[in-house]
Amino acid sequence: VNGSLKDILNAQGFRSTKERDRILHELEARTDHFNAETLHASILQKGSSVSRPTIYRTLHLLEALHCLEKLYLKKNCYFYEPLSQKNEHGHLICRGCGRITDFWVEGFEILKSEMARNTDFKMNKISIQVFGLCGACQAEDKHRNERW
Ligand SMILES: [Zn+2]
Ligand SMILES: [Zn+2]
């Protein structure tokens, strides 16, 4: 994605609004994973206000324009991540605290070349999600139950 999110939206004929600009500003500062609720919370925390419907609409729009990627964890549970300069990576998802951590392994390339050799499926992306408990949650309580 080249240019600012605002430029991209303007180029598509979307008029900028104060609320949307706040959201774009917040998004451009982020490199981590988020969803509409955590985004809303962090904008509020900085003393700005923005309505939930505007957040949902804006995220949906950016997703449609391929500026954001939406990743599903399970029904009604998803997160977004900026389609920035990050290489292809997998996600470690903690079922105790919900934290999502990126990881990179050489395995992606190996998997791709294996697939290319063994199937006629044309891949464009590999998504690997690993579920479990993060180090902090393990340390906190060895018997802690996974919440979901
Ligand atoms: Zn955790
Ligand atoms: Zn990620």
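Source: prediction; values computed, not measured. (Residues numbered from 1 in each chain as written. Chains lettered and ligands numbered in written order. Predicted model: local features only at pLDDT ≥ 70, side-chain atom pairs only at ≥ 80, totals over all residues. Heavy atoms only, no water.)

Draft legend 1. Representation of unusual backbone geometry in the model. Despite not being glycine, His66 shows a phi value in the positive range, around 60 degrees. By relative accessible area, which is 59% here, His66 ends up exposed. (Buried < 20%, exposed > 50% of the residue type's maximum accessible area, 1.4 Å probe, protein only.)

Draft legend 2. Molecular detail of the coordination of the zinc ion (ligand 1). Taken together, the protein donors to the zinc ion (ligand 1) comprise Cys94 (SG), Cys97 (SG), Cys134 (SG) and Cys137 (SG), at separations of 2.2 to 2.3 Å. Relative to the metal, the four donor atoms surrounding the zinc ion (ligand 1) lie at angles of 106 to 114 degrees, and the coordination shape comes out tetrahedral. Spacing between the donor residues of the zinc ion (ligand 1) along the chain follows C-x2-C-x36-C-x2-C. Taken as a pair, Cys94 in strand S3 (residues 90-94) and Cys137 in helix H6 (residues 135-140) lie far apart in primary sequence, 43 residues in all. Across the pair, Cys137 and Cys94 agree in class, each one buried. (Donors = N, O, S within 2.8 Å, 3.2 Å for Na, K, Ca; no water. Tetrahedral: all angles 85-135°; square planar, octahedral: opposite > 155°, others 65-115°. Helix = DSSP H or I, 4+ residues; strand = E, 2+ residues; numbered from the N terminus.)

Draft legend 3. Examining the packing of helix H3 (residues 36-45) against helix H4 (residues 52-64) more closely. Orientation of H3 relative to H4, taken along the N-to-C sense of each, is 125 degrees, at an axis distance of 10 Å. Regarding the angle of H3 to H4, the classification is oblique. Seen along the crossing, H3 lies across H4 with a hand that is right-handed. Touching Ala36, Glu37, Leu39, His40 and Ile43 of H3 are Arg52, Ile55, Tyr56 and Leu59, all from H4. Residues that form the contact of H3 with H4 fall into these classes: six nonpolar, one polar and two charged. (Axes fitted to C-alpha atoms, helices over the stretch in contact; angles between N-to-C directions. Parallel < 35°, antiparallel > 145°, perpendicular 65-115°, else oblique. Left-handed = near helix turned anticlockwise from the far one by under 90°. Contact = heavy atoms within 4.5 Å. Nonpolar A, V, L, I, M, F, W, Y, C, P; charged D, E, K, R; others polar.)

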